[in-house]
Every structure is written in C-alpha cells, then in structure tokens.
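The primary structure of each chain is shown beneath.
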Amino acid sequence: MTPWEMAAVLAAGTGAGAVNAVVGSGTLITFPVLLATGLPPVTATVSNGLGLVPGSITAALGYREELRGQGRRVLLLGVGAVLGGLAGAVLLLTLPASAFERIVPVLVGLALVLVACQPWIARRVRRRRSSGGSVRPDGGPLLFTGLTAASVYGGYFSAAQGIIYVSLMGMLLDETLQRLNAVKNVLAAVVNTVAALLFLFFADFDWTAVVLIAAGSALGGLIGARTGRRFSPAVLRTLIVSVGTVALVHLVLH
C-alpha cells in the first residue's frame with residue numbers, strides 16, 4: 001500500500017469502529033476502501049473481519065454499564081454467536097459469494113422494518129405482560145435461533161449484523177434500546193473473534209490492512225461507545241434505520 005492508501009484504511013477503520021459501536025454496518029466503510037487498494041474481495045473480507053475484532057471489544061467495554069444484570073442473557077446468546085460465527089466463517093471459505101449475497105438485502109430490509117416498528121412491538125409486549133402473559137428474560141428459543149442465524153451471516157460478511165441483532169432483541173425482549181445495543185456489541189465481538197481465529201489458520205489476508213483497521217477500530221469503538229450511550233432511544237433508532245437504509249441501497253446496487 002502507498003502511504004495515502006494506508007492513511008485511508010486507518011481512517012476507515014476508525015469510522016467503522018465508531019459506527020459499529022453505535023449502530024452496526026461499519027464494514028460498509030472499510031470494505032470498499034480495501035477493495036480500492038487492490039485487495040481481492042475475499043481477502044478484503046477476511047482482513048476486514050480480523051481488523052474489526054479490537055473495535056468490537058472496545059465497544060463492548062464502553063457499554064459495560066448497560067451490561068449490568070445481563071450476564072446470564074449474554075452468556076446464553078453468546079453460545080449461539082460462537083456457533084453461528086464459526087459456521088459463517090466456514091461458509092466464507094467454502095462457498096461462492098453469490099450463494100449467500102442473494103439473501104443479504106432481504107435480511108437487512110427485514111431488520112430495518114423490525115427496528116422501525118420496535119416501539120409498537122414493545123407496547124404489544126407490555127400489554128401481553130399486563131394481561132397475564134410472560135416474556136422470557138432470555139427471549140426463548142426463537143431469539144436464540146434468530147441470533148444464531150444472524151451470527152452465521154455476521155461470520156460471513158458482517159455488514160448490518162448489528163442492525164439484525166438489535167431488531168430481533170427489540171422484538172422479543174422487554175429492554176431499553178441502549179441495553180440491547182450493549183448486548184449487540186458483545187455478540188458482535190464474539191462473532192468477530194471466532195471468525196478471526198479461523199481466518200488466521202485457513203484464510204489469506206493482508207497483515208498491513210489488518211493492523212491498520214485494528215488500530216483504527218479500537219479507537220473508533222471507544223469513541224462510538226462514549227457518544228452512542230448519550231443518545232435517546234428515538235435518536236438511536238433513527239441512526240440505525242438511516243445507516244441501515246444506506247447499507248441496503250449499497251447492497252442492492254452492488
């Protein structure tokens with residue numbers, strides 16, 4: 001890479017780390033930049049996945065206050081994240097990209113609808129509880145299955161992975177959006193780490209790109225967490241839908 005390309009990759013990593021901490025879809029910042037430096041698509045995807053691990057970890061640490069009291073939930077859902085992330089990474093290394101990319105816009109579009117409708121869904125949940133129904137604190141088998149499937153997608157590509165997580169949890173958990181965002185950051189960190197461990201041994205990647213994105217995403221994750229925790233639910237939801245819409249348009253056009 002030229003010095004200018006290295007600077008662009010570092011800046012993209014910082015932006016991706018911040019966006020992932022608050023919303024998700026940071027891959028849509030780093031992936032095109034890596035392609036512009038001349039890396040092949042799969043090598044760029046793998047390098048990006050490895051580089052975003054530190055950002056996922058710093059984002060999760062930045063939301064540690066919102067994680068209080070959610071240890072059991074995170075542990076249970078983390079099991080699905082491990083299994084899904086591993087499966088997604090294997091798919092990336094074995095299947096043609098076109099096989100999985102066909103369903104990505106559908107998943108992102110559905111996630112955006114769910115996030116936009118989250119207030120209405122939350123009201124339905126509260127009415128169900130007040131009428132004698134119950135909402136499982138861990139979301140039950142439906143949430144575990146849905147998040148595991150989303151983790152498969154995350155291990156494969158990761159763009160809008162966080163949006164899908166938040167939409168599913170918002171539908172099935174009676175929690176504030178900030179606390180859901182905190183869980184999202186932990187699950188993303190788990191998926192990225194699991195996929196990265198597999199990539200280290202079985203995939204081709206560019207060390208320069210990995211190091212630059214890692215440095216940038218670690219800083220961006222801290223910045224994003226500090227900023228995102230101050231947002232109201234309405235502002236955070238608007239950001240999620242806005243970024244997700246851009247992600248959807250990008251995926252459809254490309």
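These remarks concern the structure in this document. (Residues numbered from 1 in each chain as written. Predicted model: local features only at pLDDT ≥ 70, side-chain atom pairs only at ≥ 80, totals over all residues. Heavy atoms only, no water.)

This paragraph deals with the side chain of Ser47. Its place among the elements puts Ser47 in helix 3 (residues 41-51). Assessed through its relative accessible area of 0%, Ser47 is described here as buried. Among the polar contacts made by the side chain of Ser47, one reaches the main-chain carbonyl oxygen of Thr43 at a distance of 2.8 Å. One polar contact links the side chain of Ser47 to the main-chain amide nitrogen of Asp206, over a distance of 2.9 Å. Those residues within four positions of Ser47 in sequence are excluded, and the remaining contacts are Leu39, Phe205, Asp206, Ala209 and Val210. (Helix = DSSP H or I, 4+ residues; strand = E, 2+ residues; numbered from the N terminus. Buried < 20%, exposed > 50% of the residue type's maximum accessible area, 1.4 Å probe, protein only. Polar contact = N/O pair within 3.5 Å; in protein donor to acceptor, adjacent residues only side chain to side chain. Contact = heavy atoms within 4.5 Å.)

We now examine the pattern of salt bridges. Applying the stated criterion to the full structure yields three salt bridges. Measuring nitrogen to oxygen at the nearest pair gives 3.0 Å for the salt bridge that ties Arg73 to Glu175. With a gap of 102 residues between them, Arg73 in helix 5 (residues 71-94) and Glu175 in the loop between helix 10 (161-172) and helix 11 (177-202) connect regions that are remote in the sequence. Residue Glu175 pairs with Arg179 through a salt bridge whose shortest N-O separation is 2.8 Å. Salt bridges here are not isolated pairs; linked through shared partners, they connect Arg73, Glu175 and Arg179. (Salt bridge = Lys/Arg side-chain N within 4 Å of Asp/Glu carboxyl O.)

This part is about the side chain of Thr45. Note on placement: Thr45 falls in helix 3. Filtering out sequence-adjacent residues up to four positions away, Thr45 remains in contact with Phe31, Leu92, Tyr156 and Phe157.

Between its terminal C-alpha atoms helix 9 (residues 140-156) stretches 25 Å, which fits the 24 Å expected from 17 residues at 1.5 Å a residue. Here helix 9 has its buried residues at Gly140, Leu143, Leu147, Thr148, Ala150, Ser151, Val152, Tyr153, Gly154, Gly155 and Tyr156. Positioned one or two residues after helix 9, Ser158 has a phi angle of 85°, which is positive. (Expected span 1.5 Å × (residues − 1).)

Let's shift gears to helix 11. An ideal rise of 1.5 Å per residue puts 38 Å on 26 residues; helix 11 measures up with 37 Å between its terminal C-alpha atoms. Of all 26 residues that make up helix 11, 19 are buried, and the element is covered over most of its length.

Working note: a packed helix pair is described by the angle between its axes plus the distance between those axes. For the pair helix 1 (residues 3-22) and helix 2 (residues 27-36), the least separation of the axes is 8 Å and the interaxial angle reads 165°. Considering their axes alone, helix 1 and helix 2 lie roughly antiparallel with respect to each other. When the axes of helix 1 and helix 2 are compared, the crossing they make is left-handed. From helix 1, Glu5, Ala8, Val9, Ala12, Gly13, Gly15, Ala16, Val19 and Asn20 reach across to helix 2, where they touch Thr27, Ile29, Thr30, Val33, Leu34 and Ala36. By residue class, the composition of the contact of helix 1 with helix 2 is nine nonpolar, five polar and one charged. (Axes fitted to C-alpha atoms, helices over the stretch in contact; angles between N-to-C directions. Parallel < 35°, antiparallel > 145°, perpendicular 65-115°, else oblique. Left-handed = near helix turned anticlockwise from the far one by under 90°. Nonpolar A, V, L, I, M, F, W, Y, C, P; charged D, E, K, R; others polar.)

For the pair helix 1 and helix 11, the least separation of the axes is 8 Å and the interaxial angle reads 130°. Regarding the angle of helix 1 to helix 11, the classification is oblique. In this structure, helix 1 contributes Asn20, Ala21 and Val22 to the contact, and helix 11 contributes Asn181, Lys184 and Asn185. When its residues are assigned to classes, the contact of helix 1 with helix 11 shows two nonpolar, three polar and one charged.

The next point concerns the nonpolar core. One finds Leu143, Leu147, Met169 and Phe199 to be the most contacted residues of the largest nonpolar core, which totals 53 residues. If you tally residues by element for this core, the top one is helix 11, at 11 residues. (Core = buried A, V, L, I, M, F, W, Y, C linked by side-chain atoms within 4.5 Å.)

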